[in-house]
Amino acid sequence: MDILDNLNPEQREGVETTEGPVLLIAGAGSGKTRVLTHRIAHLIGTQKAKPWQILAITFTNKAAKEMKERVSDLVYGSEDMWISTFHAACVRILRREAKHLGYDNNFNIYDTSDKLKVIKDCAKELDIDTKKITPRSIASAISNAKNQLLSAKDYQGSNLYEKQIEKIYKMYDRRVKANNAMDFDDLIFETVRLFRLNPDILERYQQQFKYIMVDEYQDTNHSQYLLVNFLAKGHKNICVVGDDDQSIYLFRGADVANILDFEKDYPDAKVIKLERNYRSTQCILSVANEVIKHNEGRKGKNLWTENCAGEKPVFFHGTDHIDEIQFIADEITKEQAKGRKLSDFTILIRANALTRSIEDILLKRDIPYQIFAGTEFFNRKEIKDVMAYLSIISNPADDLSLTRIINVPRRGIGNKTVERLAAVADEKNKTLFEVLKEDADGIVSRGKDKIKQLVMLIENLQEMSQYLNVTDLLDETVNRSGYRNMLQSDKTDEAKIRLENIEELFTVTKEFDNTHGGNLDEFLQQNSLASDTDESEREDSVKIMTLHSAKGLEFPVVFIAGFEERLFPHIRSMEDPKELQEERRLCYVGITRAKEKLYITAAQSRALYGRVERNKVSRFLEEVPKNLIEDKSIKKYSMDNLYSQSGPQRANVNSFKMPQKQNIDMAYKVGMLVEHKKFGQGIITEIKSLGEDQKITINFEKVGSKALMASFAPLTVVEG
Ligand SMILES: Nc1ncnc2c1ncn2[C@@H]1O[C@H](COP(=O)(O)OP(=O)(O)OP(=O)(O)O)[C@@H](O)[C@H]1O
Ligand SMILES: [Mg+2]
């Protein structure tokens, strides 16, 4: 069968117009991504391109993986194609070319927590109060600057706040570079810089990429936009697809103007529109259309489908969040009995914080679930430690990793010593590792031998990395460093869990060695890019993910939970009309993920962030004519009287069916044995104060580690 047979005439045009610029602007589920995969297959099938001449950019690693799979169903050679995210494509380019920018080719990639740590250090050194300007806000200011291609050198603050940012940005930049590292934003920023500084290198890539495609073009930011344009200048065979109604990354500097201005950038561009939706039932589409209609300045399109009308989307208003999630669990069980798989269900949420309450109930009901949010595994302390060892083996200039493990396990190299060594490194413009090797003798009096041993350990492991695969190297690392021993000799449950996690890391390396041949640099590169949506799917389980990470995906049954004012639209976006429109687009994205069934749920009151909230139902529900939605709430809370009901107000805690607030002066202590009504017994491993409340992390025997709010957790002290 011909590849083109599966396409409608407009889609076919998008596939067959291979030469020159093409803009495909079309609504959700109209087959934009399908056009891209078929276009790639067509280019290969007709021998217009070799696999490596194709560059296809997607938004998440998950989407890239899916696109690769879809293409490999159609033609051979997908492994040689550049089908990846912007970041991964840039890493691939920079691993070859970084030396032209003054980096070593095995530079390190800093994730968010590395970045925050460096920022905190800089702020401390500059005497900037991080209570007034939080590290996160500094991080995002630096991000924004980089997305606008504003380098540390060029950045000039105009007010007091910006002047502080300027100072930190400059110091941060020096540090990261000195560590031979880049953060996520640098990957794009530096690639653009590479091309600007080296026209010959740019030309090489322009020649190579005969055909360039970008999915979700509406969410590209300025630096990504420039990058694509640089590369496309060679052959000018660029095809971008997107939907102005689905632009949801304004906060990361995405600029819808990029898609709207494409015709200006390429006056001879062929513009193709698709309005037929193949994904959802008419009933779901009508709701999506009604919501998005309320936005201004749209290109305007009305999606239609020949799919069956389907069932009306359902609304449920729970008395509290427990009731809300119970309803979701009930529906899942009911639908499952009718023959659906658990993996057919996806629960979408606006804010990560909602996952906890959903987890609680699914756990109780024995419904397996998987959360697609947060790089949880790789953020665990023990995993970060061991990865830091591997990093320093691969890249000796990685001071941050070295600092992290210099005294883990404890080897008698104290903070003061490390500070002194770091100061010398700064002064002599050397890496910390070089200082350990060459200067430590003169600086340190006690502990010289320990430092020598550490240097030897790292050098030995570096040598081994030349011939061992990652699994064996990891084994040597945890043994020789004493890390495994440290955990084995610690008899606490926490240490046991840490050991288990390290075992789990072996699962990851084994899989990598089998599929990728065991190169350490590649392994580190791959895992530093694992982003929030990229966990691999496990058994048959319900998915929980944020609306943002659901972009481009589709699921048979979708629940959008927490459909309330202040949660969705998010409280931070309610005042600003622009941001409110972005929230509405996010809502449109959520609704259009559903193929067959859509549920929208809310709660009259919920415990969140350690307090009880009582919010109105989201205005987005109000925007949908009532006859399009079936209200399954208990009658007295029906939609008719909801929106006009009470305003957002903080509830009187005691008047709701909430877990009663506990007396948190009860003085929980780390190490205490406590009993939770549902999770059973566990040991408190960490306590943090959060306003008037406390967040306690408890390591439960049965369910592992959980963080709970002291005031609401049904806990009793068993011992301690
Ligand atoms: N011509 C077609 N015939 C049959 N099915 C189609 C056709 N076009 C698209 N589809 C199906 O419709 C669904 C949506 O397609 P796709 O994911 O490509 O849409 P999209 O426009 O990229 O959506 P989004 O805006 O959400 O990214 C997919 O399951 C796809 O296989
Ligand atoms: Mg798509």
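Residues numbered from 1 in each chain as written. Chains lettered and ligands numbered in written order. Predicted model: local features only at pLDDT ≥ 70, side-chain atom pairs only at ≥ 80, totals over all residues. Heavy atoms only, no water.

As annotated in an unreviewed UniProt entry, the protein chain is ATP-dependent DNA helicase from Proteinivorax tanatarense.

**Student:** Any chance you could explain the environment of Pro-396 here in plain terms?
**Tutor:** Here Pro-396 shows up in the loop between α17 (381-394) and α18 (399-405). Taking the relative accessible area as the measure of exposure, Pro-396 reaches 33% and is therefore partly exposed. Taking the C-alpha atoms as reference points, Pro-396 and Asp-513, separated by 117 residues in sequence, lie 23 Å from one another. (Helix = DSSP H or I, 4+ residues; strand = E, 2+ residues; numbered from the N terminus. Buried < 20%, exposed > 50% of the residue type's maximum accessible area, 1.4 Å probe, protein only.)

**Student:** Help me out: how do you make sense of the packing of helix α6 (residues 135-147) against helix α8 (residues 184-197) in this one?
**Tutor:** Where α6 meets α8, the axes come as close as 9 Å, and the angle between the chain directions of the two elements is 20°. Between α6 and α8, the angle falls in the class roughly parallel. Crossing of α6 over α8 shows left-handed handedness. Contacts from Ser-143, Lys-146 and Asn-147 of α6 reach α8 at Asp-185, Asp-186 and Phe-189. Considering only residue class, the contact of α6 with α8 consists of one nonpolar, two polar and three charged. (Axes fitted to C-alpha atoms, helices over the stretch in contact; angles between N-to-C directions. Parallel < 35°, antiparallel > 145°, perpendicular 65-115°, else oblique. Left-handed = near helix turned anticlockwise from the far one by under 90°. Contact = heavy atoms within 4.5 Å. Nonpolar A, V, L, I, M, F, W, Y, C, P; charged D, E, K, R; others polar.)

**Student:** Explanation requested: the site of ligand 1 in the structure shown.
**Tutor:** Close to ligand 1 lie 19 residues; Lys-32, Thr-33, Gln-246, Glu-554 and Arg-593 are nearest. Here an oxygen atom of ligand 1 and a side-chain polar atom of Lys-32 are 2.6 Å apart. Here ligand 1 loses 85% of its free accessible area of 630 Å² to cover by the protein chains. No other element matches helix α2 (residues 32-45), which puts three residues into the shell around ligand 1. Grouping the amino acids of the shell around ligand 1 by side-chain chemistry returns three nonpolar, ten polar and six charged. (Near = heavy atom within 4 Å. Polar contact = N/O pair within 3.5 Å; in protein donor to acceptor, adjacent residues only side chain to side chain. Areas by Shrake-Rupley, 256 points an atom, 1.4 Å probe, with all protein chains shown as cover.)

**Student:** Hey, could you run me through helix α4 (residues 86-97) in this one?
**Tutor:** An α-helical segment advances 3.6 residues per turn. Residues three or four places apart therefore align on the same side. Taking 1.5 Å as the rise per residue, α4 with twelve residues should run 16 Å; its terminal C-alpha atoms sit 16 Å apart, in good agreement. Where α4 is concerned, the buried positions are Phe-86, Ala-89, Cys-90, Val-91, Ile-93, Leu-94, Arg-95 and Glu-97. (Expected span 1.5 Å × (residues − 1).)

**Student:** Where do I start with the packing of aromatic side chains in this structure?
**Tutor:** For any pair of aromatic rings, the description rests on two quantities: the centre-to-centre distance and the angle between the ring planes. For the structure on display, the rule yields 15 aromatic pairs. Ring centres of Phe-316 and Phe-327 lie 4.0 Å apart, and the angle between their planes is 5°; on these two criteria the pair is classed as stacked. Of this pair, Phe-316 sits in strand β9 (residues 314-320) while Phe-327 sits in helix α14 (residues 321-337), and the two are eleven residues apart along the sequence. A single burial state applies to Phe-316 and to Phe-327, both of which are buried. Aromatic ring contacts, followed pair by pair, group Phe-316, Phe-327, Phe-345, Phe-559 and Tyr-599 into a single cluster. The ring of Phe-107 has Arg-95 sitting right over it, with the charged end atom 4.2 Å from the ring centre. Positioned above the aromatic ring of Phe-59, the side-chain terminus of Lys-551 is 3.8 Å from the ring centre. (Phe/Tyr/Trp six-rings, centres within 6.5 Å; stacked < 30°, edge-to-face > 60°. Lys NZ or Arg CZ within 6 Å of the ring centre and 35° of its normal.)

**Student:** Explanation requested: the pattern of salt bridges in the structure shown.
**Tutor:** Side chains bearing opposite charge may pair, as long as their charged atoms lie close to each other. If you walk through the whole model with that rule in mind, you get 43 salt bridges. Residues Asp-114 and Lys-384 are paired through a salt bridge, measuring 3.5 Å at the closest nitrogen-oxygen approach. Placement of Asp-114 in helix α5 (residues 112-125) and of Lys-384 in helix α17 is noted, with a sequence separation of 270 residues between them. Here Asp-114 and Lys-384 have matching classes, each one buried. The residue Lys-115 makes a salt bridge to Asp-185 at a minimum N-O spacing of 3.3 Å. Of the two residues, Lys-115 is situated in helix α5 and Asp-185 in helix α8; the sequence distance between them amounts to 70 residues. In this structure, Lys-115 and Asp-185 share a single accessibility class: buried. Linked through salt bridges whose partners overlap, the residues forming this network are Glu-311, Glu-335, Lys-338, Arg-340, Asp-344, Glu-596 and Lys-597. (Salt bridge = Lys/Arg side-chain N within 4 Å of Asp/Glu carboxyl O.)

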